[in-house]
Amino acid sequence: MTTVSTDTPTVLVFDFGAQYAQLIARRIREANVYSEIVSHKLTAQQVQEIGPAGIILSGGPKSVRVEGAPIIDPNIYDLGIPILGICYGAQLIAKQLGGTVSQFDAGEYGRTNMVVAEGQLLEGQPEEQSVWMSHFDCVTTVPDNFTVSASTEHAPVAAFESEGIFGVQYHPEVSHTPHGQHTLERWLDLSRIKRSWNMTNVIEEQVAKIKDQVGSGRAICGLSGGVDSAVAAALVHKAIGSQLTCVFVDTGLMRKDEGEQVIETFKRSQGIELIHVRAADEFFSKLEGITEPEAKRKVIGELFIRLFEKASGGIEEAKFLVQGTLYPDIIESGSEHAATIKSHHNVGGLPDDMEFELVEPLRSLFKDEVRSVGKELGLPEEIVHRQPFPGPGLGVRIIGEVTPDKVAVLQEADFIVRDELEKAGLDREIWQSFAVLPDIRSVGVMGDERTYGYPCIIRAVTSEDAMTADWARIPYDVLEAMSSRIINEVAGINRVAYDITSKPPGTIEWE
Ligand code: XMP
């Protein structure tokens, strides 16, 4: 059910549909305790089998006062496991243990002033502090043996506690609550939960697990050039060494120098056995005359799979397939069962009928944790901090037909975008930044000559998760440096535009 081994102290976050459930787990992990999100429907017996060190009840959109509102198995309160309720979770504790929850006054949304009274959880914190609220109902009387430890103008019970069970009406997990992280850490300490989880433990634990799973078998891993498959491969290599073979299908559609960097990192520096399938010509010939975006994706995806199968078929007795599936891929799949193959992985996604047993050493980690593991395994910065990149690569950043010449032009322009952002120290703030080559030409003048060339469109966005995005406010002088370098250095481009569309209504990629 959970992805964790039982000897790691774990905090389970019971999910009531909170917008912030993932964030709670991340904050607990930042406090060096492993945390996972689980369904609020777990029974006391299931909880006992998992044996968590603590339980957090998340917020949620429902009212505990309505018929059929989600609850937890009341026997969980008797297990003696430390509990913290947040927002809806706090109200649920109050309701299930005999307090009252009412629609009191006006509700509170956003930054709110809170006055701390007494109690252990908020001990040592400023008597008056700002907290982030988002509630309509609130606890009006606490259950027997509980004390009120803080209140606000519109919430008589903003925090309450008894031996081992705590509730806070506000959101300690969001950055708008300045003492929030401190509160979560205090709860962990009061609950005597050992704060020792870190990336070194993760590596050790996963190495042992991989050795156990693979034994003396052979494993293969498709490298896409992205962070996830790179870190997964490095981790598996640490565990089973030469029993791992990586396959890198070079589509010719990667960003400038990135294909070479994959070879350099894995084959030369890490000494990983690597099959390099040089397939640019095949991809270009299949893409000839194809202009429709989804048709391009299909062609690229299918050829990729065929080449991967051909290459991996030659690896004797490979029984295990290494995948860079991450924790959000699992939670977002909406069930306890991981998506068997990550569709954004390895171009089009590998087909379900491949008869491999999956090795997924990153399935309990968030992206930033994967980057830390990669760093600790000695992968270079350029790979560890690589931006998300679409599987079909530059194929969907060239509008219209994809040709080797256009790829070469785009790679140069795209490199300048990256280079200037890095020089300006803006690369880490930006989610994705790249150049797009549209299928139009315009007139210009260079020296005394008339030109008729392609424009290039710069796209740079900020985002948390690619679901929504905003165009990055790149300073004019950085844009100017990009523009003049692209026009001077990249033959064929005579005009530069900057895309100022957010997502929605735009998408991040142009195709
Ligand atoms: P859009 O363009 O839909 O992109 O806003 C959201 C995120 O997904 C990436 N993307 C892809 N990744 N195969 C992939 O592996 C694809 O076909 C694909 N299309 C878009 C995009 O780069 C962004 O991070």
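What counts, and at which threshold
Throughout this description, residue numbers start from 1 for each chain and increase along the sequence as written. Thresholds applied to this predicted model are a pLDDT of at least 70 for local features of residues and 80 or more for the giving and counting of side-chain atom pairs; totals over whole chains, interfaces and linings are not thresholded and use all residues. The basis for the side-chain values is all heavy atoms of the structure; hydrogens and waters are excluded. Two strands pair under a simple rule: DSSP has to find at least two bridges between them. By definition, any uninterrupted DSSP run of H or I lasting at least four residues is a helix, any uninterrupted run of E lasting at least two residues is a strand, and each is numbered from the N terminus. Convention adopted: a line fitted to C-alpha atoms gives each axis, helices being fitted over their contacting stretch, and angles between N-to-C directions are expressed from 0 to 180 degrees. For the domains described, the bounds stem from an automatic or database domain assignment. Throughout this document, a residue counts as near a molecule or strand when at least one of its heavy atoms sits within 4 Å of that molecule or strand. Here a polar contact means two N or O atoms within 3.5 Å. Within protein one must be a hydrogen donor candidate and the other an acceptor candidate, and residues neighboring in sequence count only if both atoms are side-chain atoms. Here the nonpolar group is Ala, Val, Leu, Ile, Met, Phe, Trp, Tyr, Cys and Pro; Asp, Glu, Lys and Arg are the charged ones; every other residue, Gly included, is treated as polar. Within 6.5 Å between ring centres, the rings of Phe, Tyr and Trp (the latter by its six-membered ring) count as paired, and their orientation is classed by plane angle as stacked under 30 degrees, edge-to-face over 60, tilted in between. Burial classes follow relative accessibility: with a 1.4 Å probe on protein chains only, a residue under 20% of its type's maximum area counts as buried, one over 50% as exposed, and anything between as partly exposed. Should the NZ of a Lys or the CZ of an Arg lie within 6 Å of a ring centre and within 35 degrees of the ring normal, that charge is described as sitting over the ring.

Engineer: Lay out the sheet that holds strand 15 (residues 318-322) in plain terms, naming residues and giving numbers.
Structural biologist: Strand pairing within a sheet occurs via backbone hydrogen bonds; the two strands may be parallel or antiparallel. Strand order in the open sheet formed by five strands is 14-13-12-15-16, with parallel pairing between adjacent strands. Two strands in the sheet have a free side with no partner beyond their single neighbour: strand 14 (273-278) and strand 16 (357-359). Adjacent strand axes in the sheet meet at a mean angle of 30° when their direction is disregarded. As judged from the four bridges shared by strand 12 (residues 218-222) and strand 15, these two strands associate in the parallel manner.

Engineer: Tell me about the domain arrangement of the protein chain, and please be specific about residues and values.
Structural biologist: Along its sequence, the protein chain is organised into domain 1 (10-190), domain 2 (199-384) and domain 3 (397-498). The straight-line distance from the C-alpha centre of domain 1 to that of domain 3 is 47 Å.

Engineer: Provide a residue-level description of the site of the ligand, including the pertinent values.
Structural biologist: Among the twelve residues in the neighbourhood of the ligand, the closest are listed as Arg297, Gln432, Lys503, Ile508 and Glu509. Note that an oxygen atom of the ligand is positioned 2.7 Å from one of the side-chain N or O atoms of glutamine 432. With respect to the ligand, the side chain of glutamate 509 contributes an N or O atom lying 2.5 Å from an oxygen atom. Counted by class, the shell around the ligand contains five nonpolar, four polar and three charged residues.

Engineer: Any details on the packing of aromatic side chains? Residues and values, ideally.
Structural biologist: What the rule picks out here adds up to six aromatic pairs. Aromatic side chains phenylalanine 16 and tyrosine 88 sit 5.2 Å apart centroid to centroid with 45° between the ring planes, which places their arrangement in the tilted category. Of this pair, phenylalanine 16 sits in the loop between strand 1 (10-15) and helix 1 (21-30) while tyrosine 88 sits in helix 3 (residues 88-96), and the two are 72 residues apart along the sequence. Tyrosine 88 shares its class with phenylalanine 16; the two are buried. Between phenylalanine 146 and phenylalanine 160, the ring centres sit 5.6 Å apart and the planes meet at 55°, which makes this aromatic pair tilted. Taken together, the residues phenylalanine 146 in the loop between strand 8 (138-141) and strand 9 (147-152) and phenylalanine 160 in strand 10 (residues 155-162) connect sequence positions 14 residues apart. Here the basic side chain of lysine 256 rests over the ring of phenylalanine 415, its NZ or CZ set 4.6 Å away from the ring centre.

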